[in-house]
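Listed below are the residues making up each chain.
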Amino acid sequence: MPPFSIFQQSKTTLLISRHLMPLLVIGVLAGISAIGMFGLMFYPAQDRLAQAAIDFQSAQLLQKQIQVAQQTQGIIATTWKALPNYREFMDLSLDIADLAKRNHVMIPGMGYDFKPLSHKLVAKGTFAFEAQGDYEAIRKFIYELEKRWPYLFIEKLSVESSKKKEGVLFRLTVSTFLTEFPQHLKKTKA
């Protein structure tokens, strides 16, 4: 038996191999071009996907900031509506005196002041008064004052023993912001 040789081929095999060789070259070139196209398409698409993810995260952050800003605007609008103007502020002194009376606290007198603020959007209204009575009654009065008018804040508070009566004497300065500043009348000569 003669040894089998790869290089010994029949005429038919040679004829087929001549026609298959261009197909093999075309197949190899098609494979190389497919790998090249994959590289040319995949890596830029990966970059676009990463950029889209960054854009999506920044859009989510912007959306959250807008929601927080809208909530803040709502809170500011609600607070602005709750702030008194100077006429309501003057009536507030009577309401504070009534609250003190209900809590058995004496307020002998009350002074007030208006101050314009530098930005001219609001003004500051301040009440200064003394409150006399039992400590528990004054504590309850202050609690109800802060609860009933949340836009009022206590700027100054001092306490001492009452010299005239039993109990304590509180000196309070209570302030709030006003949506409208009182226009003082111009002085005219008579």
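What comes next concerns the included structure.

Reading the values: the criteria
Residues numbered from 1 in each chain as written. Predicted model: local features only at pLDDT ≥ 70, side-chain atom pairs only at ≥ 80, totals over all residues. Heavy atoms only, no water. Pairing = 2+ DSSP bridges. Helix = DSSP H or I, 4+ residues; strand = E, 2+ residues; numbered from the N terminus. Axes fitted to C-alpha atoms, helices over the stretch in contact; angles between N-to-C directions. Contact = heavy atoms within 4.5 Å. Phe/Tyr/Trp six-rings, centres within 6.5 Å; stacked < 30°, edge-to-face > 60°. Buried < 20%, exposed > 50% of the residue type's maximum accessible area, 1.4 Å probe, protein only.

1. Digging into the sheet that holds strand 2 (residues 123-133)
Taken in spatial order, the four strands of this open sheet run 1-2-4-3, and their pairing is antiparallel. Only two strands of the sheet have a single neighbouring strand rather than two, namely strand 1 (110-116) and strand 3 (153-161). Strand after strand, the sheet turns through a mean of 15 degrees between neighbouring axes, direction not considered. Against the sheet, helix 3 (residues 135-148) touches strand 2, strand 3 and strand 4 (168-178), its axis set at about 5 degrees to strand 4.

2. Describing the packing of aromatic side chains
A full pass over the atoms with the stated rule returns eight aromatic pairs. Each ring, one from Y135 and one from F170, has its centre 6.3 Å from the other, and the planes form 35 degrees; the classification is tilted. Residue Y135 is located in helix 3, and its partner F170 is located in strand 4; the two are separated by 35 residues in the primary sequence. According to the relative accessible area criterion, Y135 is partly exposed, its value standing at 46%. The rings of F89, Y112, F114 and F127 are connected pair by pair, giving a single aromatic cluster.

Read these as geometric descriptors, not functional statements.
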